[in-house]
Amino acid sequence: MKKKSVILFSVSAALFVLFAVFTLITAVCDKAVVAYAENIEAELGFASVNQAIFTALGQNELWYELTEFLGVIALGVVAVFALLGLYQLITRKQLFAVDREILLLAVFYALVAFFYVFFEAVVINYRPILVDGALEASYPSSHAMLACSVFLSAPFAARHLVESRALRFAVCGLGTLLAVFTAVGRLLAGVHWLTDIIGALLLSATLVTLYVAALALLDEKAPRKHHHRHSHS
């Protein structure tokens, strides 16, 4: 029987291949020119489907503001874990005395940041709307990718901090709900194409699964020691 970490690493690799293939198809299939304004136009992949969904949904300012707020919450979650890691580093005086979940989370956040910057430079599609009168990279939705990565990884990063199984389940459910709201909300807001959201979900799923796989590998090699409270008579 394969170890849990091997299965998770395999799933992460499969998701990344799926993301890469989807990205390639999005970049080359069903290309059409979108006219944004006078003298401003750009090619769009999967144009038929993307334009049909955008036309059907339109733009919604309420969803835009809500997803912007959820993005701020996601950055707040990052800040909380960063401060917790810094506190542990200061009090424990050794880098590798910091909880494994938080150390791996730093690497995970670095990967998220890398892809965030990478797809700002490597443009697959542009947004369906102009931003301050200019074209802006749209694929994958960096906002949805960041929020989904942060919200879905948080329950695993905090697993050792929450003893109650019911509370852990609630945290996991809340993280999933916030991730879904952000991804769907960016589409309903009209600031991304459908393929931007699909790409963001595939990439964030790849990264979160990779993070969970790394945690599973560490657990297999060096199981966490559980400290039980002693009751006093």
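Higher on the page you've got the structure.
Let us look at the structure shown here.

Calculation rules
- Residues numbered from 1 in each chain as written.
- Predicted model: local features only at pLDDT ≥ 70, side-chain atom pairs only at ≥ 80, totals over all residues.
- Heavy atoms only, no water.
- 1 Å grid on protein atoms, 1.4 Å probe; cavity = no way out; pocket = protein on both sides within 12 Å on 5 of 7 lines; lining within 4 Å.
- Points joined across faces, edges and corners; volume = space filled by probe spheres on them.
- Helix = DSSP H or I, 4+ residues; strand = E, 2+ residues; numbered from the N terminus.
- Nonpolar A, V, L, I, M, F, W, Y, C, P; charged D, E, K, R; others polar.
- Axes fitted to C-alpha atoms, helices over the stretch in contact; angles between N-to-C directions.
- Parallel < 35°, antiparallel > 145°, perpendicular 65-115°, else oblique.
- Left-handed = near helix turned anticlockwise from the far one by under 90°.
- Contact = heavy atoms within 4.5 Å.
- Salt bridge = Lys/Arg side-chain N within 4 Å of Asp/Glu carboxyl O.
- Buried < 20%, exposed > 50% of the residue type's maximum accessible area, 1.4 Å probe, protein only.

### Re the layout of surface pockets
Right, so step 1: The computed volume of the second largest pocket comes to approximately 330 Å³.
Right, so step 2: If you trace the second largest pocket, you find 16 residues lining it, with Lys4, Pro155, Phe156, Arg159 and Arg168 closest to the centre.
Right, so step 3: At the level of secondary structure, the elements contributing two or more residues to the lining of the second largest pocket comprise helix H5 (142-157), helix H6 (165-189) and helix H7 (194-221).
Right, so step 4: A per-class count over the lining of the second largest pocket returns 10 nonpolar, no polar and six charged.

### A word on the packing of helix H3 (residues 61-92) against H5
Right, so step 1: One can describe the packing of H3 onto H5 by two numbers: an axis separation of 9 Å at closest approach and a directional angle of 45°. By the angle between their axes, H3 is oblique relative to H5. In terms of crossing hand, the pair formed by H3 and H5 is left-handed. Facing Thr67, Glu68, Leu70, Gly71, Ile73, Ala74, Leu75, Val77, Val78 and Phe81 of H3, the residues of H5 in contact are His143, Leu146, Ala147, Val150, Phe151, Ala154 and Ala157.

### Focus on the pattern of salt bridges
Right, so step 1: Enumeration over the complete set of coordinates arrives at seven salt bridges.
Right, so step 2: For arginine 159, the salt bridge is made with glutamate 101, and the minimal N-O distance between the two is 2.9 Å. Of this pair, arginine 159 sits in the loop between H5 and H6 while glutamate 101 sits in helix H4 (residues 100-121), and the two are 58 residues apart along the sequence.
Right, so step 3: The exposure class assigned to arginine 159 is partly exposed, which follows from its relative accessible area of 24%.
Right, so step 4: The exposure class assigned to glutamate 101 is buried, which follows from its relative accessible area of 0%.
Right, so step 5: Note that glutamate 136 is salt-bridged to arginine 127, the shortest N-O span being 2.7 Å.
Right, so step 6: Taking relative accessible area as the criterion, glutamate 136 reaches 27% and is therefore assigned partly exposed.

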